[in-house]
Amino acid sequence: MALNKDNAGAAPQLDVPAYWVQAKAELMKRDRIMNKLIPQFGDMYLRGQPDPFTTLARSVVGQQVTTKAADAAWAKLQATCPKFTPAQVIKLGAVQIAGCGLSKRKTEYILDLADSFKAKRVHSDLWSEMDDEAVIAELVQIRGITRWTAEMFLIFNLLRPNVLPLDDPGLIQGISQNYFSGEPVSRSDAREVSANWEPWRTVATWYLWRSLDPVPVE
């Protein structure tokens, strides 16, 4: 799975998350690995994507492919559909979407996502008031939206501070390299390490991503 782990799209970015400075300080105080890792990235921080539809569409494009392939397909899709709204994506149609480098299945997922937003079968105006699991439960009802996709949405759109995306290979690889000297890491291992990060698991995850890819892709 791949996602541009700096921006999920090209819309205006959100400001620094309100909790970021506090989270950095507490993680550095509690966790010796974070104490070494966080200062390496200075004033860098998680940059969000304010549009829910764009964030989710970008995540669908990034599922189960390399970051490079996902970025290329996303760039083509945005060039083909500059006004990236549900209505415009539906108008674009399957042939042009697939022509951007997307599989038949992902093309169907993008169109279903657009239709869900256009028909108001999702309640994006309420997500900011809902807890993490409630948002995930609604999102996974949409074809092509996995738990991982929903967790990326919580991180990059809603900027939730305590998300632990255990299905994300970058998180698992980051834990392996930084905490286990490159040895294989189980989900149980990851949960055990992350217990020390509460309630800032999103922030710790972001820094582990940076340890693998120091320069966020714009």
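Residues numbered from 1 in each chain as written. Predicted model: local features only at pLDDT ≥ 70, side-chain atom pairs only at ≥ 80, totals over all residues. Heavy atoms only, no water.

Draft legend 1. Summary view of the packing of aromatic side chains. Inspection of the entire model under this criterion finds 13 aromatic pairs. Aromatic side chains Trp74 and Phe84 sit 5.2 Å apart centroid to centroid with 65° between the ring planes, which places their arrangement in the edge-to-face category. In this pair, Trp74 sits in helix H4 (residues 67–80) while Phe84 sits in the loop between H4 and helix H5 (86–98), placing the two residues 10 residues apart along the sequence. Neither Trp74 nor Phe84 differs from the other in exposure class; each is buried. The ring of Trp206 carries Arg210 above its face, with NZ or CZ at 5.0 Å from the centroid. (Phe/Tyr/Trp six-rings, centres within 6.5 Å; stacked < 30°, edge-to-face > 60°. Helix = DSSP H or I, 4+ residues; strand = E, 2+ residues; numbered from the N terminus. Buried < 20%, exposed > 50% of the residue type's maximum accessible area, 1.4 Å probe, protein only. Lys NZ or Arg CZ within 6 Å of the ring centre and 35° of its normal.)

Draft legend 2. Structural view of the confidence of the model for the protein chain. Here the protein chain averages 90 in pLDDT, while 92% of its residues score no lower than 70. Per-element mean pLDDT across the protein chain ranges from 90 in H4 up to 98 in helix H2 (residues 32–37). (pLDDT = per-residue confidence, 0-100.)

Draft legend 3. Layout of the pattern of salt bridges. Applying the stated rule across the entire model yields 12 salt bridges. Among the salt bridges present, the one from Glu108 reaches Arg143, with a minimum N-O distance of 3.2 Å. A residue pair is termed long-range when its members are at least 10 positions apart, and Glu108 in helix H6 (residues 104–118) and Arg143 in the loop between helix H7 (132–139) and helix H8 (147–156) qualify at 35 residues. Note that Glu151 is salt-bridged to Arg147, the shortest N-O span being 2.9 Å. Taken together, the positions of Glu151 and Arg147, both in helix H8 and 4 residues apart, correspond to about one turn of that helix. Sharing partners across several salt bridges, the network here consists of Lys104, Glu108, Asp112 and Arg143. (Salt bridge = Lys/Arg side-chain N within 4 Å of Asp/Glu carboxyl O.)

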